[in-house]
Amino acid sequence: MASDDGMGQSLRRIRHARGKSLAVVAGLAGISTSYLSRLEFGERALDRRSLIIALAHALEVAPSEITRSGIGLGGELDEDRSLGDVRLSILQASIGAPGGEIVPAPVLQTRANAVLEAQRRCDYSLVGSELPSLVRDLHTSIAAGRDDADLLKLTVLTHVQGTQAWLSDIGAGPDLAWQATVLARQAAERLGDPLFGAVSVPSVPASACFPPEVSIRFGGCWQPPNPEPRHPKRCRFPECSL
């Protein structure tokens, strides 16, 4: 059992005092109900700054009320440190100033495959380090009109199966996931393909599949060459299901 220095008990006590259910708090914090329950019972360590802040927002309390001290945590993980750059890249793309480089579509395809493969393995540190430059270069290349249709398809898949999934898995706030959804939807609308338009809407999960008639290059639940069985110990969150 993971030690959380009583933060799980504090979390449960505050939730009860606020009269909020597990489902409500988990939904607002962007995690699953079962994962929140494990946090409360000390079966998972509550040691990530971004998740503590998300839970504090969901409960409408200061983060220090959950930690019972300061918010500073010594065990900040690589993906937490990457969140700021991911946030900035999404905001830059959203305002039409991505600030990346114009890159050929095949190169971007290879980079996106690597990111989606890392997300499938729940290698959140690698995804967080590679995602910002990929987002910037994708949107910069689209703005330059390079291989427009291919890049628009790749952008939809990257934001749905990469950006949104990563943000959800590391416990980031829902605002960024929504902005990634908007970017995916904008790319799908520009593409004009109803299949990609359907998968870009918020109600479709990140692991949603395309029908088999869609090109294998951009279709289906993305799968790497010779996919390996996923090992549950690789994943920080047992519910990771890409």
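Residues numbered from 1 in each chain as written. Predicted model: local features only at pLDDT ≥ 70, side-chain atom pairs only at ≥ 80, totals over all residues. Heavy atoms only, no water.

> Looking at this model, I keep getting lost on the packing of helix H7 (residues 105-120) against helix H9 (residues 148-169). Mind explaining?
The axes of two packed helices give the description: the angle between them and the distance between them. Packing of H7 against H9 leaves a shortest axis separation of 10 Å and a crossing angle of 25 degrees. Here H7 is positioned roughly parallel relative to H9, judged by the angle of their axes. Viewed along their axes, H7 and H9 form a crossing whose handedness is left-handed. Within the contact between the two elements, H7 uses Ala-105, Leu-108, Gln-109, Ala-112, Leu-116 and Gln-119 and H9 uses Leu-151, Leu-154, Leu-157, Thr-158, Gln-161, Gly-162, Ala-165, Trp-166 and Asp-169. Counted by class, the contact of H7 with H9 contains nine nonpolar, five polar and one charged residues. (Axes fitted to C-alpha atoms, helices over the stretch in contact; angles between N-to-C directions. Helix = DSSP H or I, 4+ residues; strand = E, 2+ residues; numbered from the N terminus. Parallel < 35°, antiparallel > 145°, perpendicular 65-115°, else oblique. Left-handed = near helix turned anticlockwise from the far one by under 90°. Contact = heavy atoms within 4.5 Å. Nonpolar A, V, L, I, M, F, W, Y, C, P; charged D, E, K, R; others polar.)

> How do you make sense of unusual backbone geometry when you look at a structure like this?
Of note in this structure, Cys-122 is not a glycine but carries a positive phi near 60 degrees. As for its position among the elements, Cys-122 is in the loop between H7 and helix H8 (124-143).

> Please explain the side chain of Ser-141 as it appears in this structure.
Looking at where Ser-141 falls in the secondary structure, it is placed in helix H8. A polar side-chain atom of Ser-141 sits 2.9 Å from the main-chain amide nitrogen of Val-103. (Polar contact = N/O pair within 3.5 Å; in protein donor to acceptor, adjacent residues only side chain to side chain.)

> Any chance you could explain the packing of helix H1 (residues 7-18) against helix H3 (residues 33-40) here in plain terms?
One can describe the packing of H1 onto H3 by two numbers: an axis separation of 7 Å at closest approach and a directional angle of 120 degrees. Residues Gly-8, Gln-9, Leu-11, Arg-12 and Arg-15 of H1 lie in contact with H3, whose contacting residues are Leu-36, Leu-39 and Glu-40. Looking at the contact of H1 with H3 residue by residue, the class counts come to three nonpolar, two polar and three charged.

> Got a minute to help me understand H9 in this structure?
Residues spaced three or four apart along an α-helix point in a common direction, a consequence of the helix completing one turn every 3.6 residues. Over its 22 residues, H9 extends 30 Å from the first C-alpha to the last, a length consistent with the 32 Å expected when each residue adds 1.5 Å. His-159 marks where H9 bends most, by close to 35 degrees. With 17 of its 22 residues buried, H9 lies for the most part within the structure. (Expected span 1.5 Å × (residues − 1). Bend = angle between axes of the 7 residues up to and from the residue. Buried < 20%, exposed > 50% of the residue type's maximum accessible area, 1.4 Å probe, protein only.)

> Please explain the nonpolar core as it appears in this structure.
It is characteristic of soluble globular proteins that their nonpolar side chains tend to be buried jointly. The biggest cluster of nonpolar side chains holds 35 residues, and the ones touching the most others in it are Leu-83, Leu-108, Leu-131, Trp-166 and Leu-167. Every element with two or more residues in this core is listed here: helix H6 (78-94), H7, H8, H9 and helix H10 (174-191). If we ignore the near neighbours within four places in the chain, the residues touching Leu-108 are Val-103, Leu-134, Asp-137, Leu-138, Ser-141, Leu-151 and Leu-154. By size, the runner-up hydrophobic cluster in this structure holds 20 residues, among which are Ile-31, Leu-39, Val-61 and Ile-66. (Core = buried A, V, L, I, M, F, W, Y, C linked by side-chain atoms within 4.5 Å.)

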